[in-house]
Amino acid sequence: DAPADVDSTIDIIPQSDRKYDVVLLGASGYTGKFAVTHLMETYGIDGDVKWAVAGRNKAKLSATLESVARELNLEASSQTVSSVDILLVDTSDPSTLPNLVKHTRVVATTAGPFQLYGSPVVEFCAKYGTHYVDITGEMDWVRTMILQHEGAAQRTGSKIVSLCGHDSVPWDLTVMKLAEGINQHDKEEELVEVSIVNDIKSSASGGTMATMKLAVGGEMIVPPKTNFDPLIRLRDGTKSLSRTKLALPAFISSMQFPKESGRVVTAPFVMSAVNGSVVKRSHALRGRNDTKTSPPLPPPTLVYREARSFADVKSALVDYLGTILFLTALLNPVTSKLIDLLQIIPEPGSVMGNISKQTMTNEFYLSVAAVGIGSKGTKLESILYFDRDPGYIDTARMLIESALCLAMDHDVIPKQGGGFYTPSTAFGNVLLNRLCKRGTHFQMRLVQE
């Protein structure tokens, strides 16, 4: 008999026999359009990557395809994009979901907030043995999905990988490379401390702000109660021995980083708790979980620090107080309604300030500078740099390249069965290499043995 969490009536098509490599859900949204642009510009329409788009509104999806084709100066755009299949899917209607997941190797989705629109998609991907990637930053939703669907995903071979965008690929890959570098320097040494400073210029979209309003308003999903955090849950259901301590700053401060650059003014980074949670899960899955030493010794705890850098104290103070005031305004029912009336928060599908794509491409960026320290004192420094907007343009690129790791690089990504993974544990260096081939820059050096 089939396990309770696997529907024996489902005919699972082998991955190699599926029509599409990637189906993009939410293609007509703000980030979704950037994902369409990356697919069309980088991989073409009738090329080696077979892709389709999905959503509720065929007219909007067709308009998105034609708009992107015109922006890319593709000839006869309406005829060209007609060969891109459009799948009609309503995530609130389960009867439409088999059409989304059954015939593709990977579903890549930008349709958030994910606690509102993502849960059925994860459920059906897990049931049908379809891989899944998204750009969520909703950690309690991720915890809930692990608890509800990991059993089915393991049995069907479905790999579920959330947080494949600005939340939290850059930080997850950075810690992975530092851990890898420490171990390559000395096989008996382990990464025990990571300090990261972010230099970023970006903006926020309506979809992101909608998720933030849910979080601030206490409307986020609450995971089922368990004996331990699902983020440190191993594939066999036991608790990982490899732990992470998040030592995230709460106030403005300064730090020596890196050694020859002098002191840097830092303030809390709004996404550091999410990034730290992803690092926590990656470390739990990738870290040492055996007790073969005599006497048995647990691995050392990984301490994770992350902050945002500023040119001076004044700039840091303006950002810090501005964030606090904005979140406070969202919490207050009166000011929250005023924010809605004045349309301070953009509608889904637009970005705050109506910033142009040209500005986002030429002026926005992300620099993730890190120092990693090993258990024997070895010190590494690294930098990961994105030369355009990381929150939307490069989030779309990270999402699509993550999907293609599963669709096209299955033989070279880390060998493991179905289940819930982080970007670094699912894709390893394959994703970093894909990103670096198309605009991302990464360097790492040994500074102390």
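Structure: see above.
In this text the structure is predicted, and so the values were computed from the model without any measurement. (Residues numbered from 1 in each chain as written. Predicted model: local features only at pLDDT ≥ 70, side-chain atom pairs only at ≥ 80, totals over all residues. Heavy atoms only, no water.)

Caption draft 1: Region of the structure containing the overall build of the protein. Across its full length, the protein holds 16 helices and 15 strands. Expressed as a percentage of the 449 residues in the protein, the buried residues total 50%. As displayed, the protein offers around 20,000 Å² of accessible surface, 52% of which is attributable to carbon and sulfur atoms. (Helix = DSSP H or I, 4+ residues; strand = E, 2+ residues; numbered from the N terminus. Buried < 20%, exposed > 50% of the residue type's maximum accessible area, 1.4 Å probe, protein only. Areas by Shrake-Rupley, 256 points an atom, 1.4 Å probe, with all protein chains shown as cover.)

Caption draft 2: Highlighting the pairing of strand β10 (residues 263-267). Across the five residues that make up β10, a large majority, four, are buried. As judged from the three bridges shared by β10 and strand β11 (residues 302-310), these two strands associate in the antiparallel manner. Residue pairing for β11: T266 is matched across the bridge by S309. (Pairing = 2+ DSSP bridges.)

Caption draft 3: Geometry of empty space enclosed by the protein. Evaluation of the coordinates by the stated rule reveals one cavity of 30 Å³ or more. As a volume, the largest cavity reaches approximately 80 Å³. Along the wall of the largest cavity there are 13 residues; nearest its centre are V142, L163, R281, Y421 and T422. Those elements giving two or more residues to the lining of the largest cavity turn out to be α7 (139-156), α10 (272-286) and β14 (419-421). Residue classes in the lining of the largest cavity are distributed as nine nonpolar, three polar and one charged. (1 Å grid on protein atoms, 1.4 Å probe; cavity = no way out; pocket = protein on both sides within 12 Å on 5 of 7 lines; lining within 4 Å. Points joined across faces, edges and corners; volume = space filled by probe spheres on them. Nonpolar A, V, L, I, M, F, W, Y, C, P; charged D, E, K, R; others polar.)

Caption draft 4: Quick peek at the layout of surface pockets. In this structure, the second largest pocket encloses a volume near 340 Å³. Forming the walls of the second largest pocket are 16 residues, and the residues nearest its centre are A179, E180, H283, R286 and G287. Within the residue set of the lining of the second largest pocket, elements represented by two or more residues are α8 (169-185) and α10. The dominant element in the lining of the second largest pocket, judged by the number of residues it contributes, is α8, at five residues. Taken together, the residues of the lining of the second largest pocket sort by class into seven nonpolar, four polar and five charged.

Caption draft 5: The environment of I160, seen in detail. Relative to the helices and strands, I160 is located in strand β6 (residues 159-161). Given a relative accessible area of 1%, I160 falls into the buried group. Considered as a pair, I160 and G129 are 31 residues apart in the sequence and their alpha carbons are 9.9 Å apart.

Caption draft 6: Region of interest: the sheet that holds strand β3 (residues 86-88). Strand order in the open sheet formed by seven strands is β3-β2-β1-β4-β5-β6-β14, and the pairing between neighbours is parallel. Whereas interior strands pair on both sides, the edge strands pair on one side only; in this sheet they are β3 and β14. Taken pair by pair, the neighbouring strands of this sheet meet at an average axis angle of 20°, ignoring direction. Pairing analysis gives three bridges linking strand β2 (residues 51-55) to β3, with the strands arranged parallel. (Axes fitted to C-alpha atoms, helices over the stretch in contact; angles between N-to-C directions.)

Caption draft 7: Fine view of the packing of helix α6 (residues 119-128) against α7. It is at 8 Å that the axes of α6 and α7 come closest, and there the two elements cross at 20°. Considering their axes alone, α6 and α7 lie roughly parallel with respect to each other. The hand of the α6/α7 crossing is right-handed. In this structure, α6 uses S119, V122, E123, A126 and K127 to contact α7, whose residues at the interface are W141, M145, H149, A152, A153 and T156. Considered class by class, the residues forming the contact of α6 with α7 number six nonpolar, three polar and two charged. (Parallel < 35°, antiparallel > 145°, perpendicular 65-115°, else oblique. Left-handed = near helix turned anticlockwise from the far one by under 90°. Contact = heavy atoms within 4.5 Å.)

Caption draft 8: Structural context of α10. The end-to-end C-alpha separation of α10 is 20 Å, in line with the 21 Å expected for 15 residues at 1.5 Å each. When you tally the buried positions in α10, you get 12 out of 15 residues, the bulk of the element. Of the surrounding secondary structure, the elements contacted by the buried residues of α10 are α7, α8, β8 (244-246), β11, β14 and α15 (423-427). (Expected span 1.5 Å × (residues − 1).)

Caption draft 9: Region of interest: the packing of α8 against α10. Running from N to C, α8 and α10 cross one another at 40°; their axes reach a closest spacing of 9 Å. Classified by the angle between their axes, α8 and α10 sit oblique to one another. Of the two elements, α8 crosses α10, and the hand of that crossing is right-handed. Judged by residue contacts, W171, D172, V175 and M176 of α8 engage N275, V278, V279, S282 and R286 from α10. Across the contact of α8 with α10, the residue classes break down as five nonpolar, two polar and two charged.

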